[in-house]
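Chains, contacts and geometry: an overview
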Amino acid sequence: MALLLCTHHRPVEATPLPTASFLIAILLCAHHRPAEALFGRKKPAEDAAAAAEPAKSEPSSEPARPPSIIEAEARTARELAAAVATLTKDLQTCTGRVEAIEEGFQDLYAAHLNSVDGLRKCKEGMLTTEDMSKLSTDLDGVNPALLEQAHAKEEAKKRAERDEKLAERHRELIHELESQVQQLVRRERTWERTISELVARRDMLESREGAWERTIGELMGEIEIRNRRESWWEDMQKDMERRIGALSRIAVVERFGYGPHYVSMVVELEEGVSSSQREIIFQLAPLELMPHSVHVFLSQVADGYWSRGTPAFAINAEHVLQACPHPCLDGVDMGGNVPGYPYGDMKRAGLDTVSFQEYSPQYPHQKYTIGFAGQPHSGPEFYINTLDNTMDHGTLAERKMMMHPTHYKVWATENFGSAEDVDEKAMEPYPCFGKVVKGFEVVDELAKGLTRASLPKKDESEGEEVEESDELYEHILLRPVHIASMTIMKDYAPDGEGKGAASDEL
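This report concerns the structure included in the present document. (Residues numbered from 1 in each chain as written. Predicted model: local features only at pLDDT ≥ 70, side-chain atom pairs only at ≥ 80, totals over all residues. Heavy atoms only, no water.)

1. Describing the overall build of the chain
Along the chain, the regular secondary structure elements total 14 helices and 9 strands. Each of the 506 residues in the chain was classed as buried or not, and the buried ones make up 30%. Taking the contacts inside the chain whose residues are at least 6 apart along the sequence as the reference set, 65% of them involve residues at least 24 apart. Carbon together with sulfur atoms contributes 55% to the accessible area of the chain, which is approximately 33,800 Å² in total. (Helix = DSSP H or I, 4+ residues; strand = E, 2+ residues; numbered from the N terminus. Buried < 20%, exposed > 50% of the residue type's maximum accessible area, 1.4 Å probe, protein only. Contact = heavy atoms within 4.5 Å. Areas by Shrake-Rupley, 256 points an atom, 1.4 Å probe, with all protein chains shown as cover.)

So, in structure tokens, the structure goes:
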């Protein structure tokens, strides 16, 4: 039946459930039993044999007589009872067989439904390989064409799924490639703009480079010209200094002799008290070393600038004692009331400063030497070195030689930023043109003088304004030491023998 339904493609709902009568008919047909067996009826020959059986069992003493109605009815009743018993027994057997047939039919029908559903899935392509294998195993009578068709549909389904996955991957790859292409296009445009900008910058730099080359060439030419001019100026300056030195030497020799030259300076430790006067004698530097500075100082002394008015030692800077001619004590810098430059008369005479910063390494600023103060042109003040100031007042080369390289680097960094940036012109030396040969104790006594820095500071709590004092103000002596006289000495012997008299003029 299942194969018939699959062949004609009938749906499951078109197959009705069998009735009991139909099942009994099938059962009877299957066993091929006649209808007489169901109702206990016999054939005529059998009836005659049955009628003859009593005669055989009992001997006949009397002639046979026909059976009565009662006997016939009794016999019929007995036969009916036997037939009913047989029929009941057969009915029970049939009932058991019917139940077995119904149970088998239900199983067969369930298998039929499963087969029909499997075949439907085969036709629709919904049957999996596992179901198809099971169907081909369970149903021996399935049409091979349907199974092949089902296999083909399954393969087509798998191929379609695989193609769909490949198509999806292909679309993803195309999308990625399109994104990369767009990104590369954007980068290419950016690179094009960048290249254009770089080309423009290159052209601009080339033009600037050309201008710079022209400018550098012009500047190099100007620098060369300036270097030449500077070299000429330096040569002219050195030549002028040599000439000034030579002329100064000639002037000193003509006016003051060949030397050595000595100068006597008398100071009053207590102003107005003649008994407090003390003498200090200076020996000036040889004319071969410091002719111009010696000429200026001897001219100042000879012209009386250090003997009239109020020349004095006014500054004690702890490493030097500085003296100034008249009228320095009246100037504003020293606390006086006279404004402006106080040495106008010396300037008109050309004796207020030296013409250049003359210096000789052979005559350094050692202790008890004297030199002109101030820069860039020193004078007319001079000072006595109370310490060895060769490193601070000498040349840069002397400082490098006297200082440890590490200390020199620290000093250069603190004052100029680095050792390479040290300005040699700013480090020009001070002229050192003489030394003390007598009166060392007087110099030491002067160095003990108190300065304004020793005064107690005013406190703001007293209601008075505290002014910020400069370095010069702090080093001014509270009691400047008056210079009573300064004269040039003739025939002075340093050992004290043949001491000559002081002379104001030669």
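2. Re the nonpolar core
With 39 residues, the main nonpolar core has M265, F297, F313, F382 and M486 as its most contacted residues. With 6 residues, the single largest contributor to this core is helix α8 (residues 291-302). Not counting chain neighbours up to four residues away, the residues in contact with M486 comprise V263, S264, M265, F297, V301, W306, S307 and F382. In this structure, Y305, V320, Y383 and I476 belong to the second largest nonpolar core, which totals 14 residues. (Core = buried A, V, L, I, M, F, W, Y, C linked by side-chain atoms within 4.5 Å.)

3. Section: the packing of aromatic side chains
Scanning the entire structure with this criterion turns up 14 aromatic pairs. With a centroid separation of 5.7 Å and 35° between ring planes, the pair formed by Y408 and W411 is classed as tilted. Of this pair, Y408 and W411 both sit in helix α12 (residues 405-416), 3 residues apart, roughly one helical turn. Neither Y408 nor W411 differs from the other in exposure class; each is buried. Sitting over the face of the ring of Y305, R308 holds its NZ or CZ atom 4.6 Å from the ring centroid. A cation sits over an aromatic face here: R399 above W411, 4.1 Å from the ring centre. (Phe/Tyr/Trp six-rings, centres within 6.5 Å; stacked < 30°, edge-to-face > 60°. Lys NZ or Arg CZ within 6 Å of the ring centre and 35° of its normal.)

4. Focus: a positive patch on the surface
Positive charge collects at one region of the surface, where R186, R187, R189 and R193 lie side by side. Examined against the element boundaries, R189 turns out to sit in helix α7 (residues 144-256). (Patch = residues over 30% accessible without salt bridge, like charges linked within 9 Å, V, L, I, M, F, W, Y side chains within 5 Å. Salt bridge = Lys/Arg side-chain N within 4 Å of Asp/Glu carboxyl O. Lys, Arg positive; Asp, Glu negative; His and termini not counted. Charge placed at Lys NZ, Arg CZ, Asp CG, Glu CD.)

5. Considerations on the pairing of strand β6 (residues 382-385)
For a regular strand, side chains alternate in direction, first toward one face of the sheet and then toward the other. Side chains of β6 alternate between two faces, with F382 and I384 and Y383 and N385 buried alike. Where strand β4 (residues 320-324) lies against β6, 4 bridges are found, and the strand directions are antiparallel. Across the sheet, the residue bridging to V320 is N385, located in β6. Across 3 bridges, strand β5 (residues 369-372) lies against β6 in antiparallel orientation. Across the sheet, residue G371 finds its bridge partner in β6, namely Y383. (Pairing = 2+ DSSP bridges.)

6. So, the layout of surface pockets
Its boundaries defined by the atoms lining it, the second largest pocket holds a volume of some 780 Å³. In terms of lining residues, the second largest pocket is bounded by 20 residues, among which Q237, E241, E424, K425 and E428 are the most central. Elements that contribute at least two residues to the lining of the second largest pocket include exactly α7 and α11 (396-402). For the lining of the second largest pocket, the element with the highest residue contribution is α7, accounting for 6 residues. Of the residues that constitute the lining of the second largest pocket, the class distribution is 8 nonpolar, 5 polar and 7 charged. (1 Å grid on protein atoms, 1.4 Å probe; cavity = no way out; pocket = protein on both sides within 12 Å on 5 of 7 lines; lining within 4 Å. Points joined across faces, edges and corners; volume = space filled by probe spheres on them. Nonpolar A, V, L, I, M, F, W, Y, C, P; charged D, E, K, R; others polar.)

7. Focus: a nonpolar patch on the surface
Judged by side-chain polarity, L205, W212, I216, L219, M220 and I223 come together as a nonpolar surface patch covering roughly 590 Å² of accessible area. Here W212 shows up in helix α7. On the basis of relative accessible area, W212 is assigned to the partly exposed category, the value being 48%.

8. A look at the side chain of S276
Within the element layout of this structure, S276 appears in the loop between β1 (262-268) and β2 (277-284). Polar contacts involving the side chain of S276 include one to the main-chain carbonyl oxygen of E270, which spans 3.0 Å. In terms of polar contacts, S276 uses its side chain to reach the backbone carbonyl oxygen of V273, at 2.6 Å. Those residues in contact with S276 that lie beyond four places of it in its chain are V267, E268, L269 and E270. (Polar contact = N/O pair within 3.5 Å; in protein donor to acceptor, adjacent residues only side chain to side chain.)

9. Focus on the pairing of β2
Bridge count for β1 against β2 is 7 bridges, and the pairing is antiparallel. Across the sheet, residue V267 finds its bridge partner in β2, namely R278. As judged from the 4 bridges shared by β2 and strand β7 (residues 432-438), these two strands associate in the antiparallel manner. Along β7, the bridge assignment pairs I281 with K438.

In short, the description is geometric, and any link to function would need to be established separately.
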